[in-house]
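This is what each chain is made of:
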Amino acid sequence: MNQSTPAHPAAPLPRAALVAGLAIAVAGAVLFSTKAVVAKLLYRYHIDAVTLIAFRMLFSLPVFAAVAIWKMRTQPPLSNGDRWRIVVLGLLGYYLSSYLDFLGLQHISVGLERLILFLTPTFVLLANMLIFKRRIGVAEWAALGLAYAGIVLVFVHDLAGGSGSTILGSLLVLGSAISYAVYLLGTGEMVRRIGSLRLVAYAMCVSSAACIGQFFLLRPASMLVQPAGVYWLSLVNGVFCTIFPVFMTMAAVQRIGAATASQAGMIGPVSTLFLGALILGEPVTGVQLAGTSLVLVGIYVLSLKK
């Protein structure tokens, strides 16, 4: 294998590298999207979003802190500029984005939340095109067109059954999607300089500090005492819905770029269609299956681009 990787942005990815990167992005997205189902199960214990996100980070912080300390001891120190960028990315990515998402899930269904998060690739692509002057290929537009045709199908179906504060919840989740798109773009630029493992460890330590600090500012410490189910579900949320997908997403961004990783991540919210049916009892209809099929075709078209 070549020890050096071509740095030219226009160089096409080898087929095997693209497929491997897409596989990592898809697997990470499925795990990451499962957090919505876990959050709905946690809300059955009558905890709020502030408590939920604090428990999530309490269980995941030790791993990120260990990696961060290791990288601090083995890598040269960061510049002041990179330190501030990491603070901003940490606050945007897994603090603000996650917090808005969990707040929104208190008001809308997993199905509607899933659909709104599908807007993330659009924000990434538009920013790439307008800010970074990146030329969007025909295959990417075709993949997005197919995927969003599927999204429209499921959106029209799910919106009819919406209940509660749908507008408020939708706006909160929309804010989450925008925040996460900005995070993806920022990490795509920095990951080549400092490495994905180092970047994500530092950013997650910032996010964890913000989430846990927010809890102790807004809630009494006595709320740390919860039923056993809250601890077990929070462990799943912290390890399988946070640690694993965070590292997998960063690895995918490093291999195939922020825009392609974000597009491939569209499969994650689709997976919650079946998890919602299996765990939460949400119905799966023909319209939802048709929309899911179109999204899967869109992901397949992405894997064929040269």
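In this text the structure is predicted, and so the values were computed from the model without any measurement.

Cut-offs used in this document
Residues numbered from 1 in each chain as written. Predicted model: local features only at pLDDT ≥ 70, side-chain atom pairs only at ≥ 80, totals over all residues. Heavy atoms only, no water. Helix = DSSP H or I, 4+ residues; strand = E, 2+ residues; numbered from the N terminus. Buried < 20%, exposed > 50% of the residue type's maximum accessible area, 1.4 Å probe, protein only. Contact = heavy atoms within 4.5 Å. Areas by Shrake-Rupley, 256 points an atom, 1.4 Å probe, with all protein chains shown as cover. Axes fitted to C-alpha atoms, helices over the stretch in contact; angles between N-to-C directions. Parallel < 35°, antiparallel > 145°, perpendicular 65-115°, else oblique. Left-handed = near helix turned anticlockwise from the far one by under 90°. Nonpolar A, V, L, I, M, F, W, Y, C, P; charged D, E, K, R; others polar. Patch = residues over 30% accessible without salt bridge, like charges linked within 9 Å, V, L, I, M, F, W, Y side chains within 5 Å. Salt bridge = Lys/Arg side-chain N within 4 Å of Asp/Glu carboxyl O. pLDDT = per-residue confidence, 0-100. Core = buried A, V, L, I, M, F, W, Y, C linked by side-chain atoms within 4.5 Å. Expected span 1.5 Å × (residues − 1). Bend = angle between axes of the 7 residues up to and from the residue. Phe/Tyr/Trp six-rings, centres within 6.5 Å; stacked < 30°, edge-to-face > 60°. Lys NZ or Arg CZ within 6 Å of the ring centre and 35° of its normal.

1. Describing the overall build of the protein chain
Looking only at helices and strands, the protein chain features 12 helices and zero strands. Expressed as a percentage of the 306 residues in the protein chain, the buried residues total 51%. Expressed as a percentage of contacts within the protein chain between residues at least 6 apart in sequence, the contacts between residues at least 24 apart total 91%. Working note: accessible area of the protein chain is about 14,000 Å², and carbon and sulfur atoms make up 71% of it.

2. As for the packing of helix α8 (residues 196-218) against helix α9 (residues 228-256)
Packing of α8 against α9 brings their axes to within 9 Å, and their N-to-C directions diverge by 135°. Taken together, the axes of α8 and α9 lie oblique to each other. The two elements α8 and α9 meet at a crossing, and its hand is right-handed. Contact with α8, carried on its side by Ser196, Leu197, Leu199, Val200 and Met204, involves Thr242, Val246, Phe247, Met250, Ala251 and Gln254 of α9 and no other residues of that element. In terms of residue class, the contact of α8 with α9 is built from eight nonpolar, three polar and no charged.

3. A short note on a nonpolar patch on the surface
Taken together, Leu126, Met129, Leu130, Ile131, Phe132 and Trp141 make up a surface patch of nonpolar side chains, about 600 Å² in accessible area. Ranked by the residues each element gives to the nonpolar patch, the list is headed by helix α5 (residues 120-130), at three residues. Considering the arrangement of structural elements, one finds Ile131 in the loop between α5 and α6 (138-159).

4. Digging into the confidence of the model for the protein chain
As a general rule, the predicted coordinates of low-pLDDT regions are not to be interpreted in detail. Of the residues in the protein chain, 88% reach a pLDDT of 70 or more, and the chain-wide mean stands at 82. When the elements of the protein chain are averaged for pLDDT, helix α10 (residues 258-264) gives the smallest value, 72, and helix α2 (residues 49-74) the largest, 95. Every residue in residues 1-10 scores below 50 in pLDDT, and together they form zero contacts with partners more than four places removed in sequence or on other chains.

5. Some thoughts on the pattern of salt bridges
Scanning the entire structure with this criterion turns up five salt bridges. Linking Glu113 and Lys35 is a salt bridge whose minimum nitrogen-to-oxygen distance equals 3.9 Å. Taken together, the positions of Glu113 in helix α4 (residues 110-117) and Lys35 in helix α1 (residues 15-43) put the pair 78 residues apart, joining distant regions of the chain. Residues Glu113 and Lys35 agree in their burial class; the two are buried. Each of Lys35, Asp101 and Glu113 takes part in a single network of salt bridges with overlapping partners.

6. Description of the packing of α2 against α8
The angle between the axes and the distance between the axes are what describe a pair of packed helices. Between α2 and α8, the least distance of the axes is 7 Å, while the angle of their chain directions is 145°. Considering only the axes of α2 and α8, their crossing is left-handed.

7. Some words on the nonpolar core
Ranked by internal contacts, the top residues of the largest apolar core, which has 75 residues, are Ile86, Tyr94, Phe102 and Leu199. Phe102 has contacts with Lys35, Ala39, Tyr43, Ala49, Leu52, Ile53, Arg56 and Asn237, leaving out every residue within four places of it along the chain. One finds Ile108, Leu112, Leu117 and Ala177 within the second-largest nonpolar core, a separate group that totals six residues.

8. Considerations on the environment of Val124
Relative to the elements of secondary structure, Val124 occurs in helix α5. In sequence terms Val124 and Ile178 are 54 residues apart; their C-alpha atoms lie 8.7 Å from each other.

9. Comments concerning the side chain of Gln214
Structurally, the position occupied by Gln214 is in helix α8. What makes Gln214 buried here is its relative accessible area of 10%. Sequence-distant contacts of Gln214, that is, excluding residues within four places in its chain, are made with Val50, Ile53, Tyr95 and Tyr99.

10. Brief notes about the environment of Val284
Along the chain, Val284 falls in the loop between α11 (267-280) and α12 (286-304). Since its relative accessible area comes to 34%, Val284 is described here as partly exposed. Once the C-alpha coordinates of Val284 and Phe274 are considered, the two residues, 10 residues apart in sequence, prove to be 7.4 Å apart. With residues near it in sequence (within four places) discarded, Val284 still touches Leu273, Ala277 and Leu289.

11. Considering α2
Look at α2: 36 Å from first C-alpha to last across 26 residues, which is about the 38 Å you get at 1.5 Å a residue. At Ser60, α2 shows its maximal kink, close to 45°; a proline, Pro62, follows between one and four residues later.

12. Overview of unusual backbone geometry
In this structure, His46 takes a positive phi of about 65° despite not being glycine. Within the element layout of this structure, His46 appears in the loop between α1 and α2. The exposure class assigned to His46 is exposed, which follows from its relative accessible area of 75%.

13. Re the packing of aromatic side chains
Considering all chains together, one arrives at 10 aromatic pairs under this definition. Each ring, one from Tyr94 and one from Tyr183, has its centre 5.1 Å from the other, and the planes form 80°; the classification is edge-to-face. Here Tyr94 is found in helix α3 (residues 80-105), whereas its partner Tyr183 is found in helix α7 (residues 166-194), with 89 residues between them in sequence. Taking the relative accessible area as the measure of exposure, Tyr94 reaches 1% and is therefore buried. On the numbers, 6.1 Å between centres and 10° between planes, the contact of Tyr95 with Tyr99 is stacked. Taken together, the residues Tyr95 and Tyr99, both in helix α3 and four residues apart, mark about one turn of the helix. Judged by relative accessible area, Tyr95 falls into the buried class, the value being 19%. Given the relative accessible area of 16%, Tyr99 is considered buried. Aromatic rings pair up to connect Phe32, Tyr94, Tyr180 and Tyr183 into one cluster. In this structure, Lys35 is placed above the aromatic ring of Phe32, and the distance from its NZ or CZ to the ring centre is 4.8 Å. Between the NZ or CZ atom of Lys35 and the centre of the ring of Phe102, over which it lies, the distance is 5.9 Å.

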